[in-house]
Amino acid sequence: IQLDAQHLDTTFFDILHEQLKSVFEHYQSPLATAWSLELEYCLHAAVFWFTLGTDAASPGLRLMGLQFRDERSAKTSRGMLPLSLAQKILFFLVTVLLPYGQRRIEATAIENNWSAEQDSWRVKLHNVLKRYAHVYKVISAFQLVHFMLFGSKYRSIVELLIRARLVPARRHAARAGMPFDFLNQQLVFSGLTEFTRWLVPVLSQAQAGVISLGQSLLHQIQFSSSAAEKPEQDLDSSLNECSVCNASPSVMGFAGKCGHVGCYVCLKAALVDDPYAKCNRCGLALTALRRHEPWASLEE
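Report on the accompanying structure. All values reported here derive from a predicted model rather than from experimental measurement. Residues take numbers from 1 onward in each chain, read along the sequence in its written order. In keeping with the model being predicted, local features are shown solely for residues with a pLDDT of at least 70 and side-chain atom pairs are shown and tallied solely at 80 or more, while totals for entire chains, interfaces and linings include all residues. Neither water nor hydrogens contribute to the side-chain values; these are computed over all heavy atoms in the structure.

Some points on the overall build of the protein
The helix and strand tally for the protein stands at 10 helices and 5 strands. Each residue gets one of three labels from its accessible area relative to the maximum for its type: buried under 20%, exposed over 50%, partly exposed in between, using a 1.4 Å probe on protein chains only. Residues counted as buried form 27% of the 300 residues belonging to the protein. Residue contacts follow a heavy-atom distance rule, with two residues in contact if any of their heavy atoms lie within 4.5 Å. Long-range pairs, those at least 24 residues apart, make up 61% of the contacts in the protein between residues at least 6 apart in sequence. For the protein, the accessible surface area stands at approximately 20300 Å², while carbon and sulfur atoms represent 61% of it. Each helix corresponds to a stretch of at least 4 residues labelled H or I by DSSP, and each strand to a stretch of at least 2 residues labelled E; elements are numbered beginning at the N terminus. Accessible surface is estimated by sampling points in the Shrake-Rupley manner with a 1.4 Å probe; for residues, cover comes only from the protein chains shown.

Some points on the packing of aromatic side chains
Stacked, tilted and edge-to-face are the three classes assigned to paired rings of Phe, Tyr and Trp, where Trp is represented by its six-membered ring and a pair needs centres within 6.5 Å; plane angles under 30 degrees give stacked, over 60 edge-to-face, the rest tilted. By the definition in use, this model includes 6 aromatic pairs. Ring centres 5.3 Å apart and planes at 55 degrees place the aromatic pair phenylalanine 48 and phenylalanine 92 in the tilted group. Placement of phenylalanine 48 in helix H3 (residues 36–50) and of phenylalanine 92 in helix H5 (residues 85–112) is noted, with a sequence separation of 44 residues between them. Centroid distance phenylalanine 68 to phenylalanine 91: 5.7 Å. Interplanar angle 70 degrees. Geometry classified as edge-to-face. One end of the pair, phenylalanine 68, is in strand E1 (residues 66–70); the other, phenylalanine 91, is in helix H5, with 23 residues separating them in the sequence.

Points about the pattern of salt bridges
Salt bridge, as applied in this entry: a Lys or Arg side-chain nitrogen positioned within 4 Å of an Asp or Glu carboxyl oxygen. Per the stated rule, a full pass over the model turns up 9 salt bridges. Put simply, glutamate 38 and arginine 104 hold a salt bridge, and the shortest N to O gap is 2.9 Å. You can see glutamate 38 sitting in helix H3 and its partner arginine 104 sitting in helix H5, a full 66 residues away along the chain. The network of salt bridges with shared partners includes Arg69, Glu71 and Arg165.

Some words on the side chain of glutamate 40
Checked against the element boundaries, glutamate 40 lands in helix H3. Residue classification places glutamate 40 among the buried positions, given a relative accessible area of 14%. Other than its neighbours up to four places away in sequence, glutamate 40 contacts Phe13, His17 and Arg103.

A word on the nonpolar core
Nonpolar core, defined: a set of buried Ala, Val, Leu, Ile, Met, Phe, Trp, Tyr and Cys residues in which side-chain atoms within 4.5 Å join the residues together. Residues Leu52, Leu61, Leu66, Phe68 and Phe91 are the most contacted members of the largest nonpolar core, which totals 13 residues. At the level of elements, helix H1 (2–25), helix H4 (59–64), E1 and strand E2 (164–168) are the ones that each hand at least two residues to this core. Not counting residues within four places of it along the chain, the set of residues in contact with phenylalanine 91 comprises Phe48, Leu52, Phe68, Val96, Glu159 and Ile162.

Concerning the packing of H5 against helix H6 (residues 121–149)
Between H5 and H6, the least distance of the axes is 10 Å, while the angle of their chain directions is 135 degrees. In terms of their interaxial angle, H5 and H6 are classed as oblique. At the point where H5 passes H6, the crossing takes the left-handed sense. Counting all contacts with H5, which are made through Val94, Leu98, Gln102, Ile105, Glu106 and Ala109, the residues of H6 involved are Leu125, His126, Leu129, Tyr132, Ala133 and Tyr136. Here, axes are lines fitted to C-alpha atoms. For helices the fit covers the stretch in contact, and angles between N-to-C directions go from 0 to 180 degrees. Angle categories: roughly parallel below 35 degrees, roughly antiparallel above 145, roughly perpendicular from 65 to 115, and oblique for all the rest. For any pair of crossing helices, the crossing counts as left-handed if the nearer helix is rotated counterclockwise from the farther one by less than a right angle, and right-handed if it is rotated clockwise.

A closer look at H5
To estimate how far a helix should reach, multiply one less than its number of residues by 1.5 Å. Between the first and last C-alpha of H5 there are 38 Å, a value that for 28 residues agrees with the 40 Å anticipated at 1.5 Å per step. By definition, a residue's bend is the angle between the axes fitted to the seven residues ending there and the seven starting there. The largest bend along H5 reaches roughly 40 degrees and is located at leucine 93. Of all the residues in H5, the buried ones are Gln87, Lys88, Phe91, Val96, Gln102 and Ala109. In this fold, the buried residues of H5 make contact with H3, E1, H6, helix H7 (157–162) and E2. The first or second residue beyond H5 is asparagine 113, which carries a positive phi of 55 degrees.

Structural notes on a nonpolar patch on the surface
Together, Leu90, Leu93, Leu97, Leu98, Tyr132 and Tyr136 make up an exposed nonpolar region whose accessible area comes to about 480 Å². Broken down by secondary-structure element, the contributors of at least two residues to the nonpolar patch are H5 and H6. No other element matches the 4 residues that H5 contributes to the nonpolar patch. By the element assignment, leucine 97 lies in helix H5. Residues forming no salt bridge and having over 30% relative accessible area are the ones grouped into patches, like charges within 9 Å of each other and nonpolar side chains (Val, Leu, Ile, Met, Phe, Trp, Tyr) within 5 Å.

Structural notes on the pairing of E2
The element E2 is largely enclosed, with a buried count of 4 among its 5 residues. When DSSP finds two or more bridges between a pair of strands, those strands are recorded as paired. Relative to E2, E1 is paired through 5 bridges, and the arrangement is antiparallel. By the bridge assignment for E2, arginine 69 is matched with arginine 165.

Observations concerning the sheet that holds strand E4 (residues 261–263)
With respect to topology, 3 strands assemble into an open sheet ordered E4-E3-E5, the strand pairing being antiparallel. The two strands at the open ends of the sheet, each matched to only one other strand, are E4 and strand E5 (290–291). Bridging between strand E3 (residues 253–255) and E4 involves 3 bridges; their strand directions are antiparallel. Note on E4: the bridge partner recorded for glycine 253 is cysteine 263. Of the strands in this sheet, E3 and E4 touch helix H10 (residues 264–273), which is tilted by about 90 degrees from E4.

Given below as structure tokens:
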């Protein structure tokens, strides 16, 4: 139940974070990108303040019927004393401030290429933080195994250190009606999301392959037809030559607003790869595409 509550809290935070990012996406401000990490941990701090900071249960704990108890001051198993101020400060320091500091230093090290510096205090600080993060993950994994298999009272190493234990909010509350349907829906949604993330690049590559295959087939048909019969009129090859593949005359020729001709498949493939593609002849944007008459000049 405690792990289910943790999963629910993570899900609720992800929903809030997505809503916060969608607000700044409309403005397209570079500040939102530069300060995205700060915005994320400000949201972490706000969630911490309105839940544990005010002795209120988080959404996940509330749904699972749990709350934190100060295990140091609990005289009996029925004692329900809330966490002390010192415990809250330590909890906030370990779960919000330290992760933010580590991620900010890592991001700064990547942006400024600290790895190129040798014997620098910044590189040493970065290495110490990486070792700290590795040791913390290993200890947390052992604590989780101890919690799941050996009946530990604490689900994380942080709760063990500050002696903050999760207990039922009501001693005799019924647990049969807990909303596990939400968890099932979330698992299905997460699975569909991961499948979609895998499927979209595959479909994009398949689309590019089909376009390339169609382009090569059309060019072969064009070359075979041009070899079989000659046009009755002598065309100016520079007017009907494809601006992308240089086929003359172009296959199913289309012309942009600038008037330069290209094969339909070539121009369409260029616009699929880049919606703002430009003409290879003059550099103008490929807009207002229209069917090109083979025997007409550009001036017409």
